[in-house]
Amino acid sequence: MDYATNLLLTLPELVLSIGAIILMLVSAWGGQGSTRAVSWTSVAIVGGALIALAGPASGGGVAFEGLFRADAFAAFAKVLIYVAAAIAIVMAPGFFERTSGDDLRPEYPVLVLLSAAGAGIMVSAGDLLTLYVGLELQSLASYVLATFMRRDARSAEAGLKYFILGALASGILLYGISIVYGFSGTTLFEGIAAAYAVPSAELSKGLLFGLVFVFAGIAFKLAAVPFHMWTPDVYEGAPTPVTALFATAQKVAAVALGVRVAIEAMGPALFQWRQIVIFAALASIVLGAVAAIGQQNIKRLLAYSSINNVGFALIGLAAGTPEGVSAVLTYMAIYIAMTMGSFLVVLQMRDHDGTPVESIASLSGMSRTRPALAAALAIFMLSLAGIPPLFGFWSKFVVFDAAVQAGLLPLAAIGIALSTIGAYYYLRIVKTMYFDEPAGSFPPVTSRIEGGLIAASAVFLFPVGWFLIVPLGAWSLTAARSLF
Amino acid sequence: METFPILSLMLGIPAVAAVACLFASPRDARWIALGATLVDLALGLVLWAGFDPNGAQWQFQEFQPVFGRFAWALGIDGFALLLILLSVFLMPICIGASWRAIEKRVPEYMSAFLLTEVLMIGTFAAQDIFLFYIFFEAGLIPMFLIIGIWGGANRIYASYKFFLYTLLGSLLMLIAMLYMTRTAGSTYIPDLMAYDFPVRAQTWLWLAFFASFAVKMPMWPVHTWLPDAHVQAPTAGSVILAGVLLKLGGYGFLRFSLPMFPEASSELTWLIFALSAVAVIYTSLVALVQSDMKKLIAYSSVAHMAIVTIGLFAFNRQGIEGAMIVMLSHGLVSGALFLCVGVIYDRLHTREIARYGGVSSVMPTFAVFFLLFTMASIGLPGTSGFVGEFLSLMGSYQVSTWTAFLCTTGIILGAAYMLYLYRRVAYGEVKSEEVRAMPDLTGRELWLLAPIAGVVLWMGVYPESFMRPMRNDVGRLLARIERATPHGDSNPTPGRGAPAAEQHASAAHGGAH
């Protein structure tokens, strides 16, 4: 295979990286004044990457001797990542113009582009080292983004915490990778799968250890219990658009990465990793739900909500079937719409001076002061709780369906019963907005783009999504099958 | 069978009206809601007129496979028809009852009610198991808002309790549904009703459905959300809750538990009978000591619903027909009783029984209606309550004499608490000037209560109108569950009267006179 073909398969990443490098130069010379131009160019570059995906980049080719896979699975994840990254760029100007002293700088969109490029490499990795490089590129951009409000102590704290714990997790992951390499003699997923393809009684202790460490490292990136501790602090401290990016694009990348490693590299050891995944899933659902109950800050609440949701997505992975993987992808697609919508509403929460507010109490009586916004947030919350007829129900439906199909009935029954706990805190937000007396109002939505995005997410969740079940299901199943 | 999609139209009209209400002024919202519910009532009557009791089991069918894994499949049989009629009949009355009582956030209120109507009709008409689930579960959202926004002082606690109780029950049912559709390879309810699930699995599936329907019903000991929700809900909310939402549980047993898991139903009949017998006696005693009118009626609902469950699980025609009639009758009667409470609550703003007294001398017309509905609740012959309770108890007697005995005490206790309530409210001295100043029914209130009174008497005197549409469906259900009929302990011996042919002749002779 010649270099031209290889490069064509990685075209979306090339568009993003080259675009990011050029824009970095532009912002270095253009300074603060170029922010607006750089932002919109970045959105165009993300759009270009999306277009590039339509070509051979999603055709199922293997580039660079198996290091990089451009299959339908990666393409599905990349579409979600790029859309989320574009929205995170579009959200930013509105947020930063209201923060005191911390302006939006042209580096912000560049870092988002780099993070998206890293996420793309993560989901396309066909080798443990590609995986690691992609993960680090994505993480380094994220650490900087988390501290983007330099005058805000919470933002700095978030970045520092994220960096230290992220480095620790990278270490754990790298340690696992080295053990796997040591016992299988390769870092290519295909070779690793061959090493794991022995009867489970004969699986060497070394490979088992490697598996556990790799999964632990990935669980950190996923924010799955017991490696979730950083999430609430980082989500609370980071600027809201960055939090939205973490909760959506980064989450999708981590989930897709986990699925690919589990199925492609360690598929034959299904029995071994299924136990880990089931534990992480149930523990995340319980902790995400219980810990969220006492939260007073909406961003922290959404952080716990993201932990909770990862738990549900992992139930689909535990099934270990093409249907299960397809369910995970569908789950993430719907999850992104719900979460992005929620963060866009959080962005509208500010007092009349324009200072952002994050307390749940400030939502009191919003159904009377800002009925449309309250209705949208109610849709997002009830959808996250999985109450039909909102489309969030469908995401839970497909993962539980996959679990039942795989014969994991007790897991499905326990998981779904636990989702009632989660429903409680989502309902609390609805209650605050609809039942409580108004406590001052937020100023109207100024940005037409933000208003439009909120409306689009809400309408997607009901009723448009229901009519997309057939294409979404077919697409995610094609994507899932490319792993098996 | 491609016909005019009348069921979709019945769902579409209130749905469109619900959206329209949100953008209308309070005055317009009331009229839009009333108009939409009346149109739905008219369509419901068209449905009744067009329903052929001797025709196919499923009529007015629609099928659009738009959702991939499941379909937009609608269709009704006799059971569904009757319950849809009950819903569309009560809806305009609810809107009327809220005409003046609701003053704040009227457009949203009307919208929530219309949504509830859509979801209730959808639940009864759905022919796809997941479509059913979506309608069934979605009904929680508008009811949560109705209780939480327009309810009484302790409304938030009640709304949470209502939501989470019913949600937990339903989620287990969803897992059972996933398993069933995977095993049977179909999501179409008529297919599933004819599929024989392995007997071992049936027990688990039955229990999962039971978890959901027992909460909705509600059966003792998971009934505790009901008194809270009723007391806190606005009058019309209580009417809908008692009138229609409680029927979802009974409908579920009838549509899913019995025909899909006949063996499990038969094995677990003891559970239903035991819980029902406890419910009848216990909740009747609790009702006896209530000082809040709405709470008293709420507990009486639990007792009445227990009569429904014993009838359903009697595995014979009397029991099932009786259970259906009790459901319809209870929907009308308890709805009307809540309206009666609403009428005097609007005047005195308290539900404390002790604050009233002598109402019959200041509000004679009201007292007449209140008495009629009290009697119907007790089950006086001539009212709808008698027909249903009598049939239901007769059916259960054939299976378990003890259950029938214990549940019949509920009728006596029912008479005790309802008459005691009536005496304290309507008779005696007029205690306070406030009570003396209460005006009698207004024209609007009269128009709310009179139609219900009419139907209650109609059902009591000529129940055939309501039994005919479901007769064949009961027959089909019995043919399906016959093989599992539990052994009865009543051991009836054949009578020593005239041979059957002569009996027929004498009956015909008697009928001629």
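Residues numbered from 1 in each chain as written. Chains lettered and ligands numbered in written order. Predicted model: local features only at pLDDT ≥ 70, side-chain atom pairs only at ≥ 80, totals over all residues. Heavy atoms only, no water.

Chemist: Tell me what's going on with the overall build of chain A, and back it up with residues and numbers.
Modeler: Counting its secondary structure elements, chain A contains 20 helices and two strands. Against the compact-globule benchmark of 23 Å for 484 residues, chain A has a radius of gyration of 21 Å, which places it among compact chains. Projecting the C-alpha coordinates of chain A onto the three principal axes gives extents of approximately 65 × 55 × 40 Å. Counting every position in chain A, which comprises 484 residues, the buried fraction comes to 64%. (Helix = DSSP H or I, 4+ residues; strand = E, 2+ residues; numbered from the N terminus. Rg over C-alpha atoms; globule rule 2.2 N^0.38 Å. Buried < 20%, exposed > 50% of the residue type's maximum accessible area, 1.4 Å probe, protein only.)

Chemist: Talk me through the UniProt feature "domain: NADH:quinone oxidoreductase/Mrp antiporter transmembrane" (unreviewed entry) in chain B; I want residue IDs and the actual numbers.
Modeler: Those places that UniProt annotates as "domain: NADH:quinone oxidoreductase/Mrp antiporter transmembrane" (unreviewed entry) correspond, in this numbering, to residues 126-411 of chain B. In residues 126-411 of chain B, helix accounts for 80% and strand for 0%; the two terminal C-alpha atoms are 35 Å from one another. (UniProt positions renumbered as here; feature names shortened; annotations may be inferred.)

Chemist: So what's going on with the UniProt feature "domain: NADH:quinone oxidoreductase/Mrp antiporter transmembrane" (unreviewed entry) in chain A? Residues and values would help.
Modeler: Feature annotation in UniProt assigns "domain: NADH:quinone oxidoreductase/Mrp antiporter transmembrane" (unreviewed entry) to the following positions: residues 125-421 of chain A. Between the end C-alpha atoms of residues 125-421 of chain A the distance is 36 Å, and the span holds 77% helix and 0% strand.

Chemist: Account for the pattern of salt bridges, naming residues and giving values.
Modeler: All names here are of chain A. Counted according to the given criterion, the structure contains 30 salt bridges over all chains. Close ionic contact of E358 with R154 constitutes a salt bridge, the shortest N to O distance being 3.3 Å. With E358 in the loop between α14 (322-348) and α15 (366-369) and R154 in helix α7 (residues 153-184), the pair connects residues that are 204 residues apart, well separated along the chain. Between E236 and R300 there is a salt bridge, with the nearest N and O atoms lying 2.6 Å from each other. Pair noted here: E236 is in helix α10 (residues 230-237) and R300 is in helix α13 (residues 298-319), with a separation of 64 residues, a long-range link. (Salt bridge = Lys/Arg side-chain N within 4 Å of Asp/Glu carboxyl O.)

Chemist: Residue-level account of the interface of chain B and chain A, with values.
Modeler: Taken together, the contact between chain B and chain A spans 32 residues of the former and 34 residues of the latter. Carbon and sulfur atoms supply 80% of the area that chain B and chain A bury against each other, a total of about 3,100 Å² over both sides. It is R105(B), Y160(B) and I175(B) that lose the most area in chain B upon contact with chain A, and together they represent 18% of the buried surface on that side. Put simply, chain B and chain A have two salt bridges between them. (Contact = heavy atoms within 4.5 Å. Buried area = accessible area lost by both parts, 1.4 Å probe.)

Chemist: Lay out the packing of helix α12 (residues 247-260) of chain B against helix α16 (residues 317-348) of chain B with the relevant residues and their values.
Modeler: Residue and element names in this part refer to chain B. One way to put it is that α12 packs onto α16 with a least axis distance of 10 Å and a crossing angle of 160°. Taken together, the axis directions place α12 and α16 in an arrangement best described as roughly antiparallel. For the crossing formed where α12 meets α16, the hand is left-handed. Seen from α12, the contacting residues are K247, G250, Y251 and L254; seen from α16, they are I320, M324, M327, H330 and G331. Broken down by class, the residue content of the contact of α12 with α16 amounts to five nonpolar, three polar and one charged. (Axes fitted to C-alpha atoms, helices over the stretch in contact; angles between N-to-C directions. Parallel < 35°, antiparallel > 145°, perpendicular 65-115°, else oblique. Left-handed = near helix turned anticlockwise from the far one by under 90°. Nonpolar A, V, L, I, M, F, W, Y, C, P; charged D, E, K, R; others polar.)

Chemist: Now, about the confidence of the model for chain B: what can you tell me, with residues and values included?
Modeler: Residues and elements named next belong to chain B. Scored by pLDDT, chain B has a mean of 88; 96% of the residues are at 70 or more. Here residues 506-513 is a poorly scored stretch, pLDDT under 50, and it has zero contacts once near neighbours within four places are set aside; other chains count. For this predicted complex, the interface confidence comes out at an ipTM of 0.92, alongside a pTM of 0.92. (pLDDT = per-residue confidence, 0-100.)

Chemist: How would you summarise the packing of aromatic side chains if you had to cite specific residues and measurements?
Modeler: Applying the stated rule across the entire model yields 66 aromatic pairs over all chains. On the basis of an interplanar angle of 40° and a centroid distance of 5.2 Å, the ring pair of Y424(A) and Y160(B) is categorised as tilted. Residue Y424(A) is located in helix α18 (residues 409-434), and its partner Y160(B) is located in helix α7 (residues 155-184); the two belong to separate chains. With a centroid separation of 6.0 Å and an interplanar angle of 80°, the aromatic rings of W206(B) and F313(B) are classed as edge-to-face. With a gap of 107 residues between them, W206(B) in helix α9 (residues 199-216) and F313(B) in the loop between α15 (293-312) and α16 connect regions that are remote in the sequence. The same class applies to W206(B) as to F313(B), namely buried. In this structure an aromatic cluster arises from ring pairing among F132(B), F136(B), Y195(B), F197(B), W206(B), F209(B), F210(B), F213(B), F253(B), F256(B), F261(B) and F313(B). In this structure, K216(B) is placed above the aromatic ring of F136(B), and the distance from its NZ or CZ to the ring centre is 4.1 Å. A cation sits over an aromatic face here: R424(B) above Y420(B), 3.8 Å from the ring centre. (Phe/Tyr/Trp six-rings, centres within 6.5 Å; stacked < 30°, edge-to-face > 60°. Lys NZ or Arg CZ within 6 Å of the ring centre and 35° of its normal.)

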